[in-house]
Amino acid sequence: MADLSARDVERANFVFSIYDFEGNGTVDAVNLGDMLRALNLNPTLATIEKLGGTKKKNEKKLKVDEFLPIYSQVKKDKEQGNFDDFLEALKLYDKEENGTMMAAELAHTLLSLGERLSDVETDQVIADCLDKEDDEGFVPYEPFLKKMMA
């Protein structure tokens, strides 16, 4: 891959080898998003599907020479967003500029902005990642974001 450094190729091959559960040089396309996230990328579900990821197991297999161009394309994609981008977005809801926002606003944000989550997915993310809200309904959003992106 001309646009991937030797280090990028090495890292991609390593991640590929981890997801090659059968040891036959292929990975299930259902794991494409997980593989890209293991390489510190944040593709949307729509992007993963567009690039060949599947929702069901054993629908499609990828070889490493098919994975590298996908990795390269997602790496070049500027629309991904990172921790700092998401933090800046949540700061818009921090009316008192003290690192907290209303838990209800955070839930609403997850339900309505970007790649929308369902009610069930939102409840799961909140249960897994959100600290307990204070007496006024505020939660610290930076620890939430760190847990969610981990």
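Treat the numbers as computed from the prediction; the structure is a model and nothing was measured. (Residues numbered from 1 in each chain as written. Predicted model: local features only at pLDDT ≥ 70, side-chain atom pairs only at ≥ 80, totals over all residues. Heavy atoms only, no water.)

A. Geometry of the nonpolar core. Ranked by size, the top nonpolar core spans 20 residues in total, and within it Leu-32, Met-35, Leu-36, Phe-67, Ile-70 and Tyr-71 carry the most contacts. When sequence neighbours within four positions are dropped, the list of residues in contact with Ile-70 reads Leu-32, Leu-36, Leu-51 and Leu-62. Ranked by size, the runner-up nonpolar core spans 13 residues in total, among them Leu-110, Cys-129, Leu-130 and Leu-145. (Core = buried A, V, L, I, M, F, W, Y, C linked by side-chain atoms within 4.5 Å. Buried < 20%, exposed > 50% of the residue type's maximum accessible area, 1.4 Å probe, protein only. Contact = heavy atoms within 4.5 Å.)

B. Region of interest: the environment of Leu-130. The topology assignment puts Leu-130 in the loop between helix H7 (119–129) and strand E4 (138–140). Separated by 13 residues in sequence, Leu-130 and Pro-143 place their C-alpha atoms 7.8 Å apart. Beyond its immediate chain neighbours, meaning those up to four positions away, Leu-130 contacts Ala-103, Leu-106, Val-125, Val-139 and Phe-144. (Helix = DSSP H or I, 4+ residues; strand = E, 2+ residues; numbered from the N terminus.)

C. Representation of the layout of surface pockets in the model. Reported here for the largest pocket is a volume of approximately 1,200 Å³. Forming the walls of the largest pocket are 30 residues, and the residues nearest its centre are Asn-42, Phe-86, Glu-115, Leu-117 and Met-148. Listing elements by their share of the lining of the largest pocket, those giving two or more residues are helix H3 (45–50), helix H5 (83–91), helix H6 (103–112), H7 and helix H8 (141–149). Considering each element in turn, the lining of the largest pocket owes the most residues, 4 residues, to H8. (1 Å grid on protein atoms, 1.4 Å probe; cavity = no way out; pocket = protein on both sides within 12 Å on 5 of 7 lines; lining within 4 Å. Points joined across faces, edges and corners; volume = space filled by probe spheres on them.)

D. Representation of the side chain of Asp-8. If you trace the backbone, Asp-8 turns up in helix H1 (residues 6–19). Side-chain polar atoms of Asp-8 contact the side chain of Lys-75, separated by 3.5 Å. Beyond its immediate stretch of four places on either side in the chain, Asp-8 contacts Tyr-71 and Lys-75. (Polar contact = N/O pair within 3.5 Å; in protein donor to acceptor, adjacent residues only side chain to side chain.)

E. Molecular detail of the UniProt feature "domain: EF-hand" (unreviewed entry) in the protein. What UniProt calls "domain: EF-hand" (unreviewed entry) maps, in this numbering, to residues 7–42. Within the segment residues 7–42, helix and strand shares are 56% and 8% respectively, and the terminal C-alpha atoms sit 19 Å apart. (UniProt positions renumbered as here; feature names shortened; annotations may be inferred.)

F. Up close: the pattern of salt bridges. Tallied over the full model, the rule gives 9 salt bridges. Across the salt bridge formed by Asp-3 and Lys-76, the nearest N and O atoms sit 3.0 Å from each other. In this pair, Asp-3 sits in the segment before H1 while Lys-76 sits in helix H4 (residues 64–76), placing the two residues 73 residues apart along the sequence. Note on Asp-3: relative accessible area 41%, which makes it partly exposed. (Salt bridge = Lys/Arg side-chain N within 4 Å of Asp/Glu carboxyl O.)

G. Just the packing of H1 against H4, in detail. Interaxial distance between H1 and H4 falls to 10 Å at its minimum, and their mutual angle equals 120°. Of the possible angle classes, the one that applies to H1 and H4 is oblique. Both H1 and H4 take part in a crossing whose hand is right-handed. For the pair H1 and H4, contact is made by Asp-8, Val-9, Arg-11, Ala-12, Asn-13 and Phe-16 and by Val-64, Phe-67, Leu-68, Tyr-71 and Lys-75, respectively. Taken together, the residues of the contact of H1 with H4 sort by class into 7 nonpolar, 1 polar and 3 charged. (Axes fitted to C-alpha atoms, helices over the stretch in contact; angles between N-to-C directions. Parallel < 35°, antiparallel > 145°, perpendicular 65-115°, else oblique. Left-handed = near helix turned anticlockwise from the far one by under 90°. Nonpolar A, V, L, I, M, F, W, Y, C, P; charged D, E, K, R; others polar.)

H. Seen up close, H1. Taking 1.5 Å per residue as the helical rise, H1 with its 14 residues ought to reach 20 Å, and the 20 Å between its terminal C-alpha atoms agrees with that figure. Among the residues of H1, those classed as buried are Asp-8, Ala-12, Val-15, Phe-16 and Tyr-19. The buried residues of H1 occupy an angular sector of 105° when the element is viewed end-on, so they sit on one face. In H1, the exposed residues that point more than 90 degrees away from the buried face are Ala-6, Arg-7, Glu-10 and Phe-14. (Expected span 1.5 Å × (residues − 1). Arc of directions from axis to C-beta.)

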